[in-house]
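Below, each chain spelled out in residue letters.
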Amino acid sequence: MADDCLFCKIIRREIPAKVAYEDDQVFAFYDIEPAAPVHVLFVPKKHVDSIQSVSEKDGVLSMLADRAVKTAEKLAIDQTGYRLLVNYGPDAGQTVHHLHIHLLGGGKLSHL
Ligand code: 5GP
Ligand code: ZN
């Protein structure tokens, strides 16, 4: 946990968010500025700065992706499709420095 990290504050319930999923290691909540009809962020409860800080043995990315896939099924957007996305650094527009996977779906997405 990082004291001044926005997503750590959301995990600690110091800042409110609409929760989509939670277990002992993963927290997921709806994005405040949705870029699609369904836009959920999946974060590890343990603070990790970015995808650049992750090593394969952590298993954190596969864990987040697994929870995102299961949530997509729960929200029934797996029927029509969805996108999982990770931004890193300024060129990609990463704004919050706590690792997160975006789950986007529920409508046609612009093609990358
Ligand atoms: P990034 O640009 O770093 O990949 O994604 C950060 C995301 O966090 C953005 O899509 C932004 O809308 C979302 N976000 C920023 N502040 C808040 C907040 O206070 N609450 C919620 N629910 N989402 C936030
Ligand atoms: Zn954090």
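Residues numbered from 1 in each chain as written. Chains lettered and ligands numbered in written order. Predicted model: local features only at pLDDT ≥ 70, side-chain atom pairs only at ≥ 80, totals over all residues. Heavy atoms only, no water.

J.: Explain the overall build of the chain here, please?
T.: Of the regular secondary structure elements, the chain holds three helices and five strands. Along the chain, helices and strands appear, N-terminal first, in the series α-β-β-β-α-β-α-β. For 112 residues, the compact-globule estimate of 2.2 N^0.38 gives 13 Å, and the C-alpha radius of gyration of the chain, at 13 Å, lies within 12% of that figure. Projected onto its principal axes, the C-alpha coordinates of the chain cover approximately 40 × 30 × 30 Å. Classification of the 112 residues of the chain by burial places 39% in the buried group. (Helix = DSSP H or I, 4+ residues; strand = E, 2+ residues; numbered from the N terminus. Rg over C-alpha atoms; globule rule 2.2 N^0.38 Å. Buried < 20%, exposed > 50% of the residue type's maximum accessible area, 1.4 Å probe, protein only.)

J.: I would appreciate a short explanation of the coordination of the zinc ion (ligand 2) in the present structure.
T.: By definition of the ideal shapes, a tetrahedral metal site with four donors has angles of 109.5 degrees and an octahedral site with six donors has angles of 90 or 180 degrees. Taken together, Cys5 (SG), Cys8 (SG), His47 (ND1) and His98 (ND1) make up the protein donors of the zinc ion (ligand 2), found 2.0 to 2.3 Å from the metal. When the donors of the zinc ion (ligand 2) are listed by position in the chain, the intervening gaps give C-x2-C-x38-H-x50-H. Of this pair, Cys5 sits in the segment before helix 1 (6–11) while His98 sits in the loop between helix 3 (89–92) and strand 5 (101–105), and the two are 93 residues apart along the sequence. (Donors = N, O, S within 2.8 Å, 3.2 Å for Na, K, Ca; no water.)

J.: Mind showing me how you'd approach the layout of surface pockets here?
T.: To find the voids left in a structure, one rolls a probe of water-molecule size over its atoms. Taken as a whole, the largest pocket holds about 310 Å³ of empty space. If you go around the largest pocket, you meet 19 residues; those closest to its centre are Phe7, Asp31, Ile32, Leu41 and Val96. Elements represented by at least two residues in the lining of the largest pocket include exactly helix 1 and strand 2 (26–30). When residues of the lining of the largest pocket are assigned to their parent elements, the largest contribution, three residues, is made by helix 1. Residue classes in the lining of the largest pocket are distributed as twelve nonpolar, six polar and one charged. (1 Å grid on protein atoms, 1.4 Å probe; cavity = no way out; pocket = protein on both sides within 12 Å on 5 of 7 lines; lining within 4 Å. Points joined across faces, edges and corners; volume = space filled by probe spheres on them. Nonpolar A, V, L, I, M, F, W, Y, C, P; charged D, E, K, R; others polar.)

J.: What exactly am I supposed to notice about the environment of Gln25 here?
T.: Locating Gln25 in the fold gives a position in the loop between strand 1 (19–22) and strand 2. Residues Gln25 and Lys46, 21 residues apart in the sequence, show an inter-C-alpha distance of 7.3 Å. Setting aside residues no more than four positions away along its own chain, Gln25 makes contact with Val43, Pro44, Lys45 and Met63. (Contact = heavy atoms within 4.5 Å.)

J.: Can you help me understand the site of ligand 1 in this one?
T.: In the vicinity of ligand 1, 16 residues are found, and the nearest of them are Asp31, Asn87, Thr95, His100 and His102. Contact between ligand 1 and Tyr30: a nitrogen atom at 2.9 Å from a main-chain N or O atom of the residue. Between ligand 1 and the protein, one listed contact pairs an oxygen atom with a side-chain N or O atom of Asn87 at 2.9 Å. Placement of ligand 1 is best described as lying within the largest pocket. At the level of secondary structure, the elements contributing two or more residues to the shell around ligand 1 comprise helix 1 and strand 2. (Near = heavy atom within 4 Å. Polar contact = N/O pair within 3.5 Å; in protein donor to acceptor, adjacent residues only side chain to side chain. Sits in = over half its atoms within 2 Å of the grid points.)

J.: Would you mind showing me how to read a nonpolar patch on the surface here?
T.: Together, Ile51, Leu61, Val86 and Tyr88 line one region of the surface with nonpolar side chains, adding up to about 290 Å² of accessible area. Its relative accessible area of 43% is what places Tyr88 among the partly exposed residues. (Patch = residues over 30% accessible without salt bridge, like charges linked within 9 Å, V, L, I, M, F, W, Y side chains within 5 Å. Areas by Shrake-Rupley, 256 points an atom, 1.4 Å probe, with all protein chains shown as cover. Salt bridge = Lys/Arg side-chain N within 4 Å of Asp/Glu carboxyl O.)

No statement about biological role is implied by the geometric values presented.
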